[in-house]
Amino acid sequence: MTVVVSGFEPFGGDATNPSWETAQLLAERGEELVGDRVVAVRLPVTFAGAWPALDAVVREHDPEVVVALGLAGGDGRVRLERVAVNVRDARIPDNAGAQPVDVPVVPGAPVGHWSTLPLKASLVAVREAGVPVEVSGTAGTYVCNDVFYALMHHWGSVPGRRAGFVHVPDAGAVPVEDQVTAVAAVVRQALLGAPEPRVAAGTES
């Protein structure tokens, strides 16, 4: 089986982006950590370029699982994203200077798409690995959500395939090695086709 894991280039003045570091390390250690080949792809932090870059790799490798990663700075947990929304509303410009506001990711498409990763099984597995984790109800409205929505819209409904998005925190909050452990656990659950346990993971607000 083949797994594609994506991460982003740095943005917002940062020198590195742990989402890409995590994707790279997971690809290097794919056979060891998940038992299958992992292909990593580095995405630009641009609305115009991120999804085409991931789409090209998905088309080339026809993977069973795709996990797109992004950085959620200021958070202290790995976030398993539940739903992608069909809106671009950029608080800051992307790395190409684009700053769309209140425009759809895919015009005329549904308002949202669900992740097809086994989020609750992954939540349990990541917790058991000792890494802080939560199920998140929003991936924001920046390039991360853009990639997540496009991935699910164009590829997420393919039978037998699983896809979704995971936000990782700054390396100072959760070391990259622990991020690799967490994402590997998510990938393993997806490859297993793990059934979802009945575990509460909602929020009060």
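As named in an unreviewed UniProt entry, the protein chain is Pyroglutamyl-peptidase I, taken from Cellulosimicrobium funkei.

Engineer: Looking at this structure, I do not really get the pairing of strand E4 (residues 78-81). What am I missing?
Structural biologist: Remember that side chains alternate between the two faces of the sheet whenever the strand is regular. A two-sided burial pattern is seen for E4, the buried positions comprising Val78 and Leu80 on one face and Arg79 and Glu81 on the other. Direction of pairing for E4 relative to strand E9 (residues 133-136): parallel, over a ladder of 4 bridges. Directly across from Glu81, in E9, lies its bridge partner Ser136.

Engineer: Help me understand the sheet that holds strand E2 (residues 37-43) in this model?
Structural biologist: In sheet architecture, strand pairing relies on hydrogen bonds along the backbone and comes in two forms, parallel and antiparallel. Pairing within the open sheet is mixed, and its 6 strands lie in the order E2-E1-E3-E10-E4-E9. Two strands close off the open sheet at either side, each with one partner strand: E2 and E9. Neighbour-to-neighbour, the strand axes of the sheet open up by a mean angle of 25 degrees, direction not taken into account. When strand E1 (residues 2-8) meets E2, the two strands line up parallel, connected through 7 bridges. For Val5, the partnering residue across the bridge sits in E2 and is Ala40. Strands in contact with helix H6 (residues 176-192) are E1, strand E3 (65-71), E4 and strand E10 (162-168); relative to E3, the strand with the most contacts, it is inclined by about 155 degrees.

Engineer: In this structure, what is going on with the pattern of salt bridges? I would like to understand it.
Structural biologist: If the charged atoms of two oppositely charged side chains come close together, the side chains can form a pair. Summed over all chains, the structure comprises 7 salt bridges. We note a salt bridge from Asp75 to Arg79, for which the minimum N-O separation is 3.4 Å. With a relative accessible area of 15%, Arg79 lands in the buried category. One network of salt bridges, with partners in common, ties together Arg29, Glu32 and Glu177.

Engineer: Explain the nonpolar core to me, please; I cannot follow it from the model alone.
Structural biologist: In globular proteins that are soluble, nonpolar side chains generally tend to be buried together. Phe8, Leu54, Val66, Val143, Val147 and Leu151 are the most contacted members of the largest nonpolar core, which has 34 residues in total. Where this core is concerned, the elements lending two or more residues are E1, E2, helix H3 (50-61), E3, helix H5 (143-154) and E10. Ranked by residues supplied to this core, first place goes to H5 with 8 residues. For Val66, the contacting residues outside a window of four places in its chain are Val4, Leu54, Val58, Leu117, Leu151, Trp155, Arg162, Ala163 and Gly164. Residues Ala23, Leu33, Val65 and Val78 belong to the second largest nonpolar core, which totals 33 residues.

Engineer: What am I meant to see in H6 here?
Structural biologist: Given 3.6 residues per helical turn, the α-helix brings residues three or four places apart onto the same face. Its 17 residues place the ends of H6 24 Å apart at the C-alpha level, agreeing with the 24 Å of an ideal helix rising 1.5 Å per residue. When you tally the buried positions in H6, you get 12 out of 17 residues, the bulk of the element. Those residues of H6 not exposed but buried are Val176, Gln179, Val180, Ala182, Val183, Ala184, Ala185, Val186, Val187, Gln189, Ala190 and Leu191. One or two positions beyond H6, positive phi appears at Gly193, with a value near 65 degrees.

Engineer: For this particular structure, what's the right way to read the UniProt feature "active site" (unreviewed entry) in the protein chain?
Structural biologist: UniProt's entry tags Cys144 with the feature "active site" (unreviewed entry), counted in the numbering of this structure. By the element assignment, Cys144 lies in helix H5. Dropping the residues within four chain positions of it, Cys144 is found in contact with Phe8, Gly70, Leu71, Ala139, Phe165 and His167.

Engineer: Hey, could you run me through unusual backbone geometry in this one?
Structural biologist: As a rule of thumb, non-glycine residues mostly have phi less than zero, and peptide bonds are mostly trans rather than cis. Positioned with a positive phi, Asp62 is a non-glycine residue whose angle comes to about 45 degrees. Within the secondary structure layout, Asp62 lies in the loop between H3 and E3. Judged by its relative accessible area of 43%, Asp62 is partly exposed. Non-glycine residue Asp102 carries a positive phi angle of around 55 degrees. With respect to the helices and strands, Asp102 occurs in strand E7 (residues 101-103).

Engineer: Please explain the packing of aromatic side chains as it appears in this structure.
Structural biologist: Geometry of an aromatic ring pair is reported as the spacing of the ring centres plus the angle between the planes. Taken as a whole and assessed by the stated rule, the structure comprises 3 aromatic pairs. Ring centres of Phe11 and Tyr142 lie 6.1 Å apart, and the angle between their planes is 40 degrees; on these two criteria the pair is classed as tilted. Of the two residues, Phe11 sits in the loop between E1 and helix H1 (18-28) while Tyr142 sits in the loop between E9 and H5, which places them 131 residues apart along the sequence. Overall, the relative accessible area of 16% leaves Tyr142 in the buried class. Here the aromatic cluster, defined as three or more aromatic residues joined through ring pairs, consists of Phe11, Phe47 and Tyr142.

How each quantity is defined
Throughout this document, residue positions are counted from 1 along each chain, in the order its sequence is written. Per-residue local features of the predicted model are confined to residues with pLDDT of at least 70, and side-chain atom pairs are confined, for both listing and counting, to 80 or more; whole-chain, interface and lining totals are unaffected and use all residues. Where side-chain values are given, they derive from all heavy atoms of the structure, hydrogens and water being excluded. Throughout, exposure labels follow a simple rule: accessible area from a 1.4 Å probe, protein chains only, divided by the maximum for the residue type, with under 20% read as buried, over 50% as exposed, and the rest as partly exposed. In this description a helix means any DSSP run of H or I spanning at least four residues, a strand means any run of E spanning at least two, and both kinds are numbered starting from the N terminus. When DSSP locates at least two bridges between a pair of strands, those strands are taken to pair. Under this scheme, a helix contributes an axis fitted over its contacting stretch, all axes are lines through C-alpha atoms, and angles between N-to-C directions fall in the 0 to 180 degree range. Pairs of residues are marked as contacts when any of their non-hydrogen atoms sit within 4.5 Å. Just to be clear on terms, a salt bridge is a Lys or Arg side-chain nitrogen sitting within 4 Å of an Asp or Glu carboxyl oxygen. Here the nonpolar core consists of buried residues drawn from Ala, Val, Leu, Ile, Met, Phe, Trp, Tyr and Cys, with membership extended through side-chain atoms lying within 4.5 Å. Helix span is expected to be 1.5 Å times the residue number reduced by one. UniProt positions are given in the numbering used here, feature names are shortened, and annotations may be inferred rather than shown by experiment. Working definition: a ring pair exists when centres of Phe, Tyr or Trp rings (six-membered ring for Trp) sit within 6.5 Å. Plane angles under 30 degrees give stacked, over 60 give edge-to-face, the rest tilted.

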